[in-house]
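Below, each chain spelled out in residue letters.
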Amino acid sequence: MVEKELSVQLETGLQARPAAKFVQEANRYSSDVFLEKDGKRVNAKSIMGVMSLAIGSNETITLQAEGPDEQQALDSLMTFIEQEK
Amino acid sequence: MIKVRVKDLIERFDLELVAGKDGVHREIFTSDISRPGMEMAGYFTHYPKERLQLMGRTELQFLYDLQSDEIEDRMEQLCTDITPGIVITRGLEVPQALVKAADHAGVPVMRSPYKTTRVISRLTNFLETKFAPSTALHGVLVDVYGVGVLITGKSGIGKSETALELVKRGHRLVADDNVEIRQEDYDTLIGNPPNLIEHLLEIRGLGIINVMTLFGAGAVRNYKRISMVVHLETWEADKQYDRLGLDEDKLNIMDVDLPKATIPVRPGRNVSVIIEVAAMNFRLKRMGINTAEEFSNRLNSVIDDVE
């Protein structure tokens with residue numbers, strides 16, 4: 001399992017549209033991906049789960065991936081979260 | 001972690017704030033409640049000052065038999081800087097010395113018109129619910145014939161679609177995709193949706209829909225005790241699925257074992273109907289009717305007769 005703590009750079013945070021894109025990206029990988037904020041852990045492939053966390057800009061979250069393509073999944077999702085727009 | 005403040009108690013139980021207004025934002029950290037009887041007698045060595053203090057007729061009557069300087073001294077010791085609050089029951093009069101000490105230390109003193117034992121049990125219930133251990137799970141929680149069924153499975157297996165069909169068949173949605181679970185007592189799990197996504201369901205191709213505005217208030221529930229788990233997975237030809245129902249598979253969530261059924265998904269298998277039947281079968285078993293076991297016994301007796 002790989003894990004990474006990072007802060008959200010997206011200007012708007014994970015609003016509905018970026019959240020949908022994020023989940024789509026997560027679904028491209030066969031690994032299980034999880035997202036954690038304030039001790040709440042959700043499946044990153046589930047849009048309702050991700051949106052229920054209401055992740056804003058500059059908040060710190062933890063990404064976890066486990067599976068055959070865990071490193072790729074983690075890297076690409078990190079890039080997504082750390083881009084500014 | 002949920003924070004409980006004294007003002008939450010005042011609002012929830014409609015308590016009358018008598019003194020110590022500055023302290024209504026004090027936080028309560030434990031569900032234990034103390035009745036400071038020994039403390040009234042002057043023994044403060046083991047005073048559980050971090051707990052909510054409850055004073056009823058006994059404690060107050062004892063206090064009135066003391067000298068006024070003793071009363072003042074004990075009231076001052078009672079109101080520490082970490083005591084969340086003091087509740088006076090039965091609508092009794094609050095001693096002047098307590099009002100003074102509480103105002104000074106900023107410890108809220110509240111009054112309830114009810115009997116001490118009733119106040120204790122209601123406060124304990126409220127606090128235990130608030131402090132119950134909790135977790136969140138990926139899954140969908142539906143109330144099927146009064147049985148709380150947690151549907152789990154990989155993303156895209158059709159959990160939400162199954163829930164939608166169950167709702168159309170008259171059952172109730174509790175939470176889609178993300179279920180917050182808290183453990184009440186030691187053997188009860190209660191599931192509820194995160195506030196933000198209450199009543200919502202996500203269906204691929206349609207997007208987010210509101211089950212309550214679409215199907216009415218009867219189609220949703222705000223929380224439900226979880227009684228069983230149905231795990232959906234894609235059909236694998238070489239995997240062994242339960243054919244008899246003699247052995248009950250279990251899923252452990254926060255030390256609580258829940259009966260779990262693994263249902264393979266494949267075109268032509270109506271998962272909603274299977275879940276309905278699983279829920280009814282669960283109720284039958286709880287009523288003492290176990291078809292698999294009864295059949296197995298019948299088979300055994302026939303085999304014995306032949307021998």
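Within any chain, residue numbers begin from 1 and follow the written order of that chain's sequence. Working convention: letters from A go to chains and numbers from 1 go to ligands, in the order in which they are written. Whole-chain, interface and lining totals are the exception, using all residues; otherwise, since this is a predicted model, local features are given only for residues with pLDDT of at least 70 and side-chain atom pairs are given and counted only at 80 or more. The side-chain values count all of the structure's non-hydrogen atoms but skip hydrogen atoms and water molecules.

(A) Layout of the side chain of Asn-43 of chain A. By the secondary structure assignment, Asn-43 of chain A is in strand β3 (residues 40–43). Within polar-contact distance, the side chain of Asn-43 of chain A engages the backbone nitrogen of Lys-45 of chain A at 2.8 Å. If near-sequence neighbours (up to four positions away) are discounted, Asn-43 of chain A is found in contact with Val-33, Phe-34 and Val-50 of chain A together with His-138 of chain B. Strands here are runs of E lasting at least two residues and helices are runs of H or I lasting at least four, both read from the DSSP assignment and numbered beginning at the N terminus. Definition of a polar contact: a pair of N or O atoms within 3.5 Å, with one able to donate and the other able to accept a hydrogen when the atoms are protein atoms, and with sequence-neighbouring residues admitted only if both atoms are side-chain atoms. Contacts were defined at the residue level, with two residues in contact if any of their heavy atoms lie within 4.5 Å.

(B) Expanded view of the interface of chain A and chain B. At the junction of the two partners, chain A supplies 14 residues and chain B supplies 15 residues. It is Asn-43, Met-48 and Ser-52 of chain A in chain A that bury the most area against chain B; as a group they hold 46% of the surface buried on that side. Whenever Lys or Arg places a side-chain nitrogen within 4 Å of a carboxyl oxygen from Asp or Glu, that contact is recorded as a salt bridge. Scanning the region where chain A abuts chain B turns up two salt bridges. The salt bridge involving Lys-154 of chain B is made with Asp-32 of chain A; its shortest N-O contact spans 3.3 Å. Along the contact surface separating chain A from chain B lie seven residue pairs in polar contact (both at pLDDT 80 or more). Broken down by secondary-structure element, the contributors of at least two residues to the side of chain A that touches chain B are β3 and α2 (47–52) of chain A. At five residues, α2 of chain A tops the list of elements feeding residues into the side of chain A that touches chain B. When its residues are assigned to classes, the side of chain A that touches chain B shows five nonpolar, five polar and four charged. Joining two parts hides part of their accessible area as seen by a 1.4 Å probe, and the buried area is that hidden amount summed over both. For this classification, Asp, Glu, Lys and Arg are treated as charged, while Ala, Val, Leu, Ile, Met, Phe, Trp, Tyr, Cys and Pro are nonpolar and the rest, including Gly, are polar.

(C) Region of interest: the UniProt feature "binding site: Mg(2+)" (unreviewed entry) in chain B. UniProt positions are given in the numbering used here, feature names are shortened, and annotations may be inferred rather than shown by experiment. In this structure's numbering, the residues bearing the UniProt feature "binding site: Mg(2+)" (unreviewed entry) are Ser-160 and Glu-202 of chain B. Maximum C-alpha separation among the annotated residues is 6.6 Å over a sequence range of 43 residues, consistent with a single clustered spot. You can see Ser-160 of chain B is positioned in helix α7 (residues 159–168). The classification of residues rests on relative accessible area computed with a 1.4 Å probe and restricted to protein chains. Under 20% of the type maximum is buried, over 50% is exposed, and intermediate values are partly exposed. The class of Ser-160 of chain B is buried, set by a relative accessible area of 7%. Each residue touching Ser-160 of chain B, except ones within four places of it in the same chain, is listed here: Val-140, Asp-176, Leu-201, Glu-202 and Ile-203 of chain B. Setting aside residues up to four positions removed in sequence, Glu-202 of chain B forms contacts with Ile-47 and Met-48 of chain A together with Ser-160, Asp-176, Gly-207 and Ile-208 of chain B.

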